[in-house]
Amino acid sequence: MFDHRIYNFSAGPSMLPQEVLEECAKDMLNYHGSGMSVMEMSHRSKVYDEIITQAEALFREVMGIPEGYKVLFLQGGASTQFAMVPMNLLVGSGKADYVVTGQFSKKAYSEAKKFSDKIHLAGTTEDCNFTHVPVQEELDLDPEADYVHICLNNTIFGTKWHYIPDTGKVPLVADMSSCILSEPVDVSKFGLIYAGAQKNIAPAGLTVVIIREDLAGKTLPATPTMLDYAVQIKNGSMYNTPPTYPIYVCKLVLEWIQRLGGLTAMKERNQKKAALLYDFLDQSRMFKAVAEPVDRSMMNVTFRTGDEDLDAKFVKESSAAGFSNLKGHRSVGGMRASIYNAMPMEGVEKLVSFMQNFEKENA
Ligand SMILES: *Cc1c(COP(=O)(O)O)cnc(C)c1O
């Protein structure tokens, strides 16, 4: 249907930078004279070892990950971390605080309850269908908890924590699947960070975990070997075959970020893209942004017209015009434009001009 690349606003899997895809294509049949594709290599070969070593080093450099933290390349998606976190961290008081700000943090909360009856709902914004995140004063945190869990960017609802909650000495665990690498973050404020790769890092199949080393080592009884952070640390993410190809693409994406100026430059780009779309929404008579202005996400922009038929018409016409996946999640309705790192400014500019025309034609 399209003989060119279109603007893909999918929440995930999502766009990858074109330069990265071109590099993948160039390397496809014969990676750097190895005579084979990265997909075909032994994960224990010297040539692959260079790839994974560089991927980790770049992750550390780009995110400014301090000493004392390990970077793990795992599988199972962010959803496996919903269980892996309690299995490894719920080893003191057996208590944990969960803040529920959307569907994924709610799933994480439910999963944790399988491992302890002392999982506490430390805050929720469900009563307003997650249009905002709680302020620090609204959090009911227990100083004896083994950890506090939050989801930093709420992919479905289009909200983001614009502050890092103060949890005292209790380690903070964050699901950063949909905002990792979008802006600088002070890793030292977190005990553990995890992210499914398919939004801002690489193709699906890779999960990145950044863990403060002292938090690994103890597990609940019967924790599977594969789900033990200490085992993964000890084996350099190679207890079994890691997702070799996504790790290679991750390396290319990190190099691309570095070429553009690192996370500070990424943040500037992302702020400009998001501002363009939100500014349009704020002055539009037809489209309205869903999330509270103070808690708006830079990555996932939720909006609607207020008329379901008009929303459906917009989704259909935008898709035919080469703006794909703008339909919102069923729990929010309306539309959602996911504008991760790889979405070029031009994609947002063209979307806004399409929306302006749609508004005129349907007024
Ligand atoms: C997409 C997403 C998930 C689910 O990720 P999987 O890798 O599919 O398990 C979890 N949390 C957040 C914030 C997400 O955006």
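To keep things clear, this report deals only with the structure shown in the data block. (Residues numbered from 1 in each chain as written. Predicted model: local features only at pLDDT ≥ 70, side-chain atom pairs only at ≥ 80, totals over all residues. Heavy atoms only, no water.)

1. Brief notes about unusual backbone geometry
The condition is simple: In this text, helices come from DSSP runs of H or I with a minimum length of four residues, and strands from runs of E with a minimum of two, each type numbered from the N-terminal end. Buried means the residue's accessible area, taken with a 1.4 Å probe over protein chains only, is under 20% of the maximum for its type, while exposed means over 50%, and partly exposed covers the values in between.
In this structure, the amide linkage connecting G12 to the following residue, P13, adopts the cis form with an omega of -10°. Within the secondary structure, P13 is located in the loop between strand 1 (7–8) and helix 1 (18–27). Phi at H32 is positive, roughly 45°, even though this residue is not glycine. Tracing the chain through its elements places H32 in the loop between helix 1 and helix 2 (46–63). Phi angles above zero are rare outside glycine, and L181 is one such case at about 70°. With respect to the element layout, L181 can be found in the loop between strand 8 (172–175) and strand 9 (192–196). Take L181: its relative accessible area is 1%, and that puts it in the buried class.

2. Brief notes about the sheet that holds strand 10 (residues 207–212)
The strands making up a sheet associate through backbone hydrogen bonding, with each pair oriented either parallel or antiparallel. Note the cut-off: DSSP bridges decide pairing: two strands pair if at least two such bridges lie between them. For helices, the fitted line uses only the C-alpha atoms of the stretch in contact; every axis is such a line through C-alpha atoms, and the angle between N-to-C directions lies from 0 to 180 degrees.
Pairing within the open sheet is mixed, and its seven strands lie in the order 2-10-9-8-5-3-4. Edge positions in the open sheet fall to strand 2 (69–74) and strand 4 (119–124), since each of these has one partner strand only. Adjacent strand axes in the sheet meet at a mean angle of 15° when their direction is disregarded. Both strand 5 (residues 147–151) and strand 8 contribute to a ladder of four bridges, which runs parallel. Counted as the bridge partner of I150 is A174 from strand 8.

3. Some words on helix 9 (residues 345–361)
Note the cut-off: Given a helix with a known number of residues, its expected span is that number minus one, times 1.5 Å. The arc in question is the one spanned by the directions pointing from the helix axis to the C-beta atoms. For this analysis, residues touch if any pair of their heavy atoms sits within 4.5 Å.
When the terminal C-alpha atoms of helix 9 are compared, their 25 Å separation across 17 residues agrees well with the 24 Å that a helix rising 1.5 Å per residue should span. Here helix 9 has its buried residues at G347, V348, L351, V352, F354, M355, F358 and E359. Considered in projection along helix 9, the buried side chains sweep an arc of 160° and stay on one side of the axis. Facing away from the buried side of helix 9 by more than 90 degrees, the exposed set consists of K360 and E361. In this fold, the buried residues of helix 9 make contact with strand 1, helix 7 (262–283), strand 12 (300–304), helix 8 (308–320), strand 13 (323–324) and strand 14 (335–338).

4. What about helix 3 (residues 77–89)?
Look at helix 3: 18 Å from first C-alpha to last across 13 residues, which is about the 18 Å you get at 1.5 Å a residue. Counted residue by residue, helix 3 has 10 buried out of 13 residues, so it is predominantly covered.

5. Details of the site of the ligand
Our working rule: In these notes, residues near a molecule or strand are those with any non-hydrogen atom within 4 Å of it. Under this definition, polar contacts are N or O atom pairs within 3.5 Å; protein pairs additionally need one hydrogen-donor-capable and one acceptor-capable atom, and for neighbouring residues in sequence, both atoms have to be side-chain atoms. The Shrake-Rupley method, run with a 1.4 Å probe sphere, supplies the accessible areas, and residue values consider only the shown protein chains as cover. Throughout this entry, Asp, Glu, Lys and Arg are counted as charged residues, while Ala, Val, Leu, Ile, Met, Phe, Trp, Tyr, Cys and Pro are counted as nonpolar. The remaining residues, Gly among them, count as polar.
Around the ligand, 13 residues are found, and the nearest of them are S79, T155, D175, Q198 and K199. S79 is positioned such that a nitrogen or oxygen atom in its side chain is 2.6 Å from an oxygen atom of the ligand. For the ligand, whose unbound accessible area comes to 390 Å², protein coverage reaches 86%. With four residues, the single largest contributor to the shell around the ligand is helix 3. Partitioned by chemical class, the residues of the shell around the ligand number four nonpolar, seven polar and two charged.

6. What to know about the nonpolar core
The condition is simple: Residues enter a nonpolar core if they are buried and are Ala, Val, Leu, Ile, Met, Phe, Trp, Tyr or Cys, with the set joined through side-chain atoms within 4.5 Å.
F59, M63, F73, L181, I201, F287 and F314 are the most contacted members of the largest nonpolar core, which totals 90 residues. No other element matches the 10 residues that helix 6 (residues 244–260) contributes to this core. Once residues within four sequence positions are removed from consideration, M63 is found in contact with I180, L181, V185, V187, I210 and L263. Judged by nonpolar contacts, the second largest core, of 32 residues, contains L89, A108, I119 and Y229.

7. Structural notes on the packing of aromatic side chains
Just so we agree on the cut-off: Stacked, tilted and edge-to-face pairs are distinguished by plane angle, under 30 degrees for stacked and over 60 for edge-to-face with tilted covering the rest, among Phe, Tyr and Trp rings (Trp via its six-membered ring) whose centres lie within 6.5 Å.
Inspection of every chain in the model, using the stated rule, returns 18 aromatic pairs. For the pair Y98 and Y109, a centre-to-centre distance of 6.1 Å together with 45° between the ring planes defines the contact as tilted. Within this pair, whereas Y98 is found in strand 3 (residues 96–100), its partner Y109 is found in helix 4 (residues 103–112), the two being separated by 11 residues in sequence. In this pair, the class of Y98 matches that of Y109, namely buried. When the ring of F323 is compared with that of F354, the centres are 5.3 Å apart and the planes differ by 45°; the resulting orientation is tilted. Taken as a pair, F323 in strand 13 and F354 in helix 9 lie far apart in primary sequence, 31 residues in all.

8. A few points about the side chain of S14
Looking at the element boundaries, S14 is found in the loop between strand 1 and helix 1. At 3.1 Å, the side chain of S14 and the backbone oxygen of Q198 are in polar contact. At 2.9 Å, the side chain of S14 and the backbone oxygen of K199 are in polar contact. Beyond its immediate chain neighbours, meaning those up to four positions away, S14 contacts N8, Q198, K199 and Y340.

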